[in-house]
Amino acid sequence: RAPTMSNYDAILAEAESNRAAAGDLERSDDEDDRGGFPSFPDNDSLNASFDGGASFRSPGGTKLRKRGSGALASLRDVFAEFSNFGVRGDERSDTMDGSKWAKFCRETGLQDGRRVDSTSVDIIFSKVKPRTERRITFEEFKDAVAMVAEMRGERFRDISDRVSRVGGPQQQGTTRAEYVKFADPSNFTGAYAANLGFEIKPRAKADLAWRSKVAVPQIDERVKRVFHEFCAFGQGNPNQMESKTFVKIMRDCGLIGGGNWRGRFDQTAADLIFARVKATRHPDRHIGLEDFVVALVLVAEEVREPYSVIADVVGAVEHPSCSGTVGEYNRFHDDKDTYTGAYAAHFGVQKLPREHKEWREEHKKTERAPPDVPGLKAMFNAFCTFGGGAPGAMDNVKWIKCVRDSGLLSQTTFSQTEADLVFARVKTKGERKISYLEFRWACALCAETSGTTYDAVVETVLSGGPISTGTRAEYNKFHDDQSTYTGAYAVLHHVPDELRASKVRFQKPHWKQGRARPSDADVPGLRQQYQSYTSFAAGNGVDMNIKVWAKLVNDTGLIGKKFNMTSADIIFAKVAEGNKLLQYRDFLWMLALCAEERGESFQQVAQRVATHAPASSGTQAEFVLWHDDKSTFTGAHAARFGLQQRITDRKGWKHERPRPISVDGVENVFDAYCAAHAEAPDGTRLGSMGATAWEHLCRDAGLFGFQEFSKTTAREVFESVANPGATVIGYVDFKWALDLSAEKVSVTYGDLCLTLLELGLGDEDATRERGDDDEKIAAAENKWRAVEAEHREREMAAEMDRQRRLAETRRRRLESAGLPSAPPASPPTPSRARSQQASPRVSMNAGSNADADANQTMDEDGPAMKELKDYAADDDAGGEFRGGDGQTVA
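Each value, and the rule that gives it
- Residues numbered from 1 in each chain as written.
- Predicted model: local features only at pLDDT ≥ 70, side-chain atom pairs only at ≥ 80, totals over all residues.
- Heavy atoms only, no water.
- Helix = DSSP H or I, 4+ residues; strand = E, 2+ residues; numbered from the N terminus.
- Buried < 20%, exposed > 50% of the residue type's maximum accessible area, 1.4 Å probe, protein only.
- Areas by Shrake-Rupley, 256 points an atom, 1.4 Å probe, with all protein chains shown as cover.
- Arc of directions from axis to C-beta.
- Phe/Tyr/Trp six-rings, centres within 6.5 Å; stacked < 30°, edge-to-face > 60°.
- Patch = residues over 30% accessible without salt bridge, like charges linked within 9 Å, V, L, I, M, F, W, Y side chains within 5 Å.
- Salt bridge = Lys/Arg side-chain N within 4 Å of Asp/Glu carboxyl O.
- Lys, Arg positive; Asp, Glu negative; His and termini not counted.
- Charge placed at Lys NZ, Arg CZ, Asp CG, Glu CD.
- Core = buried A, V, L, I, M, F, W, Y, C linked by side-chain atoms within 4.5 Å.
- pLDDT = per-residue confidence, 0-100.
- Contact = heavy atoms within 4.5 Å.
- Axes fitted to C-alpha atoms, helices over the stretch in contact; angles between N-to-C directions.
- Parallel < 35°, antiparallel > 145°, perpendicular 65-115°, else oblique.
- Left-handed = near helix turned anticlockwise from the far one by under 90°.
- Polar contact = N/O pair within 3.5 Å; in protein donor to acceptor, adjacent residues only side chain to side chain.
- Disulfide = S-S within 2.5 Å.

## Brief notes about the overall build of the protein chain
Scanning the protein chain from N- to C-terminus turns up 42 helices and 10 strands. Burial statistics for the protein chain: of 890 residues in total, 39% are counted as buried. Accessible surface for the protein chain amounts to roughly 52700 Å². Of this, 50% is attributable to carbon and sulfur atoms.

What follows is the structure, given as structure tokens:
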């Protein structure tokens, strides 16, 4: 967009005046070698300068100092602390993974469980991190914090204050390991010490002759007694002591765990002393009395006491302490007189052999067998055979049933226990049943126990009989009437042939005989309703099972007095004929049978079904954004629902553009306008900006002074970055809106961000008082005039440099060809038609101001303009022009 020759003076005068008017900014003396024009950084250099804490240039070419630290930039130290928490010095990183991000939100209080929960924290991390990456940088971390602020409805300043109060990652809930001697690097030897840079310590050799240097004292009788008692404790060998016994002596005498030696002698020291004493003489893990005395000498050296003191302490122990549980008295264990057999022989209990004489032998000598009574044997066999037993032998169960059914059992005279004892007395040893004779003896003993006579007991038994208390089955024709048996059952139960021949099986006609095939020609929509029911609850839309049929007759209101659910099941079974799935033609037959049951025509029933859709009686689930909003689907899920193209169309412009950086201080501008318009009806609140606040920001920034940017354009930009159906945007979408707005007015994103900071739009009080001040809005438009003039100046200088290079190339070619170098024509410079205003992209007010400034500074030429005029004058005269490098050009 290089300007033409006719208006160079006005353009340069406008640029010089605008640069002189920027009094609140610090001028830079740094100029490059291209005619004295200042350089302007791109987005990458702007980001690098911002990250390094250096200054950078404004859109007007002046040099800006960083205006304090922004709310998000102040989190850099916290980001570094959390991202490197638990990481060694040589593995420190400038990125953060998901677990450290979750720890940051949890410990700083950003995750409160209501507005921001653990799921939201994970989703935010997935949104800001690049695809296929698992860690985020500080720029992406700032976007994540901005999303949290949007969800919580807070300022970035409040978030920064909350984080600063925490101070850094906490170590609460972590387990501190105890000190381990072998994990102490100062104790490392060999390769481990060499790897850590420690001096390798020479290994000390053991003194194998230490035993000869120990003076063994005379053995005290008390020490000897203690040695034998403790060795014999627990059925041990009284002359050999184990390691646990030595530790027990040290504990019982108070050397371990108490007394004046607490902290100077413990179980580990006792084990080491025992191992040192037994190592050379007793490899079988035992020591003798002499070794025990040597061990006491070593104990005395360990606790820094004389041997006599240790000997007195050990000798003062009366007996080994027993800390076991004392069992209660048990007669069969503690009373050895009750032992018999091998146990009595093991414990030396003398027992006389027990004589077991049959009591019947004594009765045979003194008494005769009980007499037999007529009918008693038959009653005996009746009880023996009850329930499938054999006659002539009665077990204990049948005997108890006999006395119970006869009424002989009594709680006072003859109990069930006494009946069992009687049975055990009369039965033969080794047998489990009694004979008829033993049954009579049992009746005699029963009479003796109950205090009555034998005849009375027999009469009571004869008066009763086996009583059946089981459940009596109802009459079943196919089981109880054997005349209905056929085949193998008739042969098995001996049914006469003439009775079986007289039974002629009735052949029932098929249910379809005599019925016309139903048709749905007169019932439109019946097939579609059938497909609706068969497709309900993930059906295939073709086959109908009994559950779908039951739902159909229930939802359509066919269930009533004449037609119930049992009738519906019978109709389905009749039509199915053993199948589980029915087709549409079978469905028509079921409707025909249903119409017969209800006493209606087929058309009436079919019409009722065709007008009733399947009813859903399930629980209505709440709205879930990630499930119900299909626009959030991605990947395979989006492809399944055909949404991938629509999502790409909506978000494709973001995927093709680099993500805007977070310029320090711009978040304060965002917070200021959100707070100033927090009561707007469009939903603006802290952390979220509505359309009204965005339009006011564009107006205050002077963007409406460009012809390409209006309120309609601002609304379109806002809607393009907002989520579908949303009325507000967060800070991340706010940066995208600034990026699109900068593209609309043909400036860089860095120009727009720095201009917002120069205008002081980050001050909340100034934002509230700004209102519709025309003077401040005009000042913002003048600022953009300076930006545009600076752009034109840079383009003009670049064009002049290009023309000089072209002229030099042409001159060299002519000289090499031996041709005279003719003066070149006027350089073809691309131009555009200009109005009376300073720029067609600035408002009328700004244009008039530019013309006035240009008229005032028409006589003042810049260095580039003077060089161009000299070049044109020499060109018209046909002379030579000497460039800035001292070379003569045509």
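Anyway, onward from the coordinates.
## A few points about helix H22 (residues 454–463)
Every buried residue belonging to H22 is among Tyr-454, Val-457, Val-458 and Val-461, and all of these are buried. Looking straight down H22, one finds its buried side chains confined to an arc of 95°; they lie on one side. Residues of H22 that are exposed and point over 90 degrees away from its buried face: Asp-455, Glu-459 and Ser-463.

## Examining unusual backbone geometry
In the Ramachandran plot, Arg-304 falls in the positive-phi region, its phi being about 60° despite a non-glycine side chain. Relative to the helices and strands, Arg-304 resides in the loop between helix H13 (289–303) and helix H14 (307–315). For Arg-304, a relative accessible area of 67% gives the class exposed. Positioned with a positive phi, Ser-746 is a non-glycine residue whose angle comes to about 65°. Within the secondary structure, Ser-746 sits in the loop between helix H37 (731–744) and helix H38 (749–758). The exposure class assigned to Ser-746 is partly exposed, which follows from its relative accessible area of 44%.

## Concerning the packing of aromatic side chains
Here a ring pair, both rings aromatic, is described through the centre-centre distance and the interplanar angle of the planes. Throughout the structure, instances matching the rule amount to 24 aromatic pairs. Here the aromatic rings of Phe-188 and Tyr-192 are separated by 6.1 Å at their centres, their planes lie at 65°, and the arrangement is edge-to-face. According to the relative accessible area criterion, Tyr-192 is exposed, its value standing at 60%. Aromatic pair Phe-670 and Phe-734: ring centres 5.1 Å apart, planes at 50°, arrangement tilted. Taken together, the positions of Phe-670 in helix H34 (residues 666–676) and Phe-734 in helix H37 put the pair 64 residues apart, joining distant regions of the chain. The pair formed by Phe-670 and Phe-734 is uniform in burial state, with each residue classed as buried.

## Side note on a negative patch on the surface
Taken together, Asp-266, Asp-271, Glu-301 and Glu-302 make up a surface patch of like negative charges. The exposure class of Glu-302 is partly exposed, given its relative accessible area of 39%.

## Examining the nonpolar core
Formed by 66 residues in total, the largest nonpolar core has its most connected members in Trp-101, Phe-104, Phe-141, Met-689, Trp-694, Phe-734 and Leu-738. Counting residues in hydrophobic clusters, the runner-up holds 40 residues, among them Trp-210, Met-241, Trp-261 and Ala-311.

## Things to note about the confidence of the model for the protein chain
For the protein chain, per-residue confidence averages 76 on the pLDDT scale, and residues scoring 70 or more make up 73% of the total. Per-residue pLDDT stays below 50 along residues 21–69; that stretch engages in 90 contacts with residues further than four places along the chain or on separate chains. Below pLDDT 50 for its whole length, residues 829–860 participates in 59 contacts with residues either more than four positions away or in separate chains.

## What to know about the packing of H37 against H38
For the pair H37 and H38, interaxial distance at closest approach is 8 Å and the crossing angle is 115°. Classified by the interaxial angle, the pair formed by H37 and H38 is roughly perpendicular. In the crossing of H37 with H38, the sense of the turn from one axis to the other is right-handed. Contacts between H37 and H38 pair Lys-735, Leu-738, Asp-739, Ser-741 and Ala-742 from the former with Tyr-749, Leu-752, Cys-753 and Leu-756 from the latter.

## With respect to the pattern of salt bridges
Applying the stated criterion to the full structure yields 27 salt bridges. Note that Arg-804 is salt-bridged to Asp-801, the shortest N-O span being 3.3 Å. Highlighted residues: Arg-804 and Asp-801, both in helix H40 (residues 774–817), separated by three residues, approximately one helical turn. Residue Arg-804 is classed as partly exposed on the basis of its relative accessible area, which comes to 33%. According to the relative accessible area criterion, Asp-801 is partly exposed, its value standing at 28%. In this structure, Glu-815 and Arg-811 form a salt bridge, with 2.7 Å as the shortest nitrogen-oxygen distance. Of this pair, Glu-815 and Arg-811 both sit in helix H40, four residues apart, which is roughly one turn of the helix.

## Some points on the environment of Leu-588
Tracing the backbone shows Leu-588 in helix H29 (residues 584–598). In this structure Leu-588 comes out as buried when scored by relative accessible area, which is 8%. A sequence separation of 14 residues divides Leu-588 from Phe-602, and the C-alpha atoms of the two residues are 8.9 Å apart. Once residues lying within four places of it in the same chain are set aside, the contact partners of Leu-588 are Pro-518, Asp-520, Leu-526 and Phe-602.

## As for the environment of Ser-118
Along the chain, the position of Ser-118 falls in helix H5 (residues 118–128). Each C-alpha atom, one on Ser-118 and one on Arg-106, is 8.5 Å from the other, the two residues being 12 residues apart in sequence.

## Description of the environment of Arg-225
If you trace the backbone, Arg-225 turns up in helix H10 (residues 221–232). Taking the relative accessible area as the measure of exposure, Arg-225 reaches 30% and is therefore partly exposed. Sequence separation between Arg-225 and His-319 is 94 residues; the distance between their C-alpha atoms is 9.3 Å. Sequence-distant contacts of Arg-225, that is, excluding residues within four places in its chain, are made with Gly-315, Val-317 and Glu-318. A polar atom in the side chain of Arg-225 sits 3.0 Å from the backbone oxygen of Val-317.

## Re the state of the cysteines
Per the stated rule, a full pass over the model turns up zero disulfides. Its sulfur unpaired, Cys-402 is 6.4 Å from the next cysteine sulfur, which belongs to Cys-443. The class of Cys-402 is buried, set by a relative accessible area of 1%.

## Structural notes on the side chain of Lys-398
Secondary-structure assignment places Lys-398 in helix H19 (residues 396–405). Of the buried charged residues, Lys-398 lacks a salt bridge, with Asp-395 as the closest side chain of opposite charge at 4.8 Å. Not counting residues within four places of it along the chain, the set of residues in contact with Lys-398 comprises Phe-383, Cys-384, Phe-386 and Gly-389.

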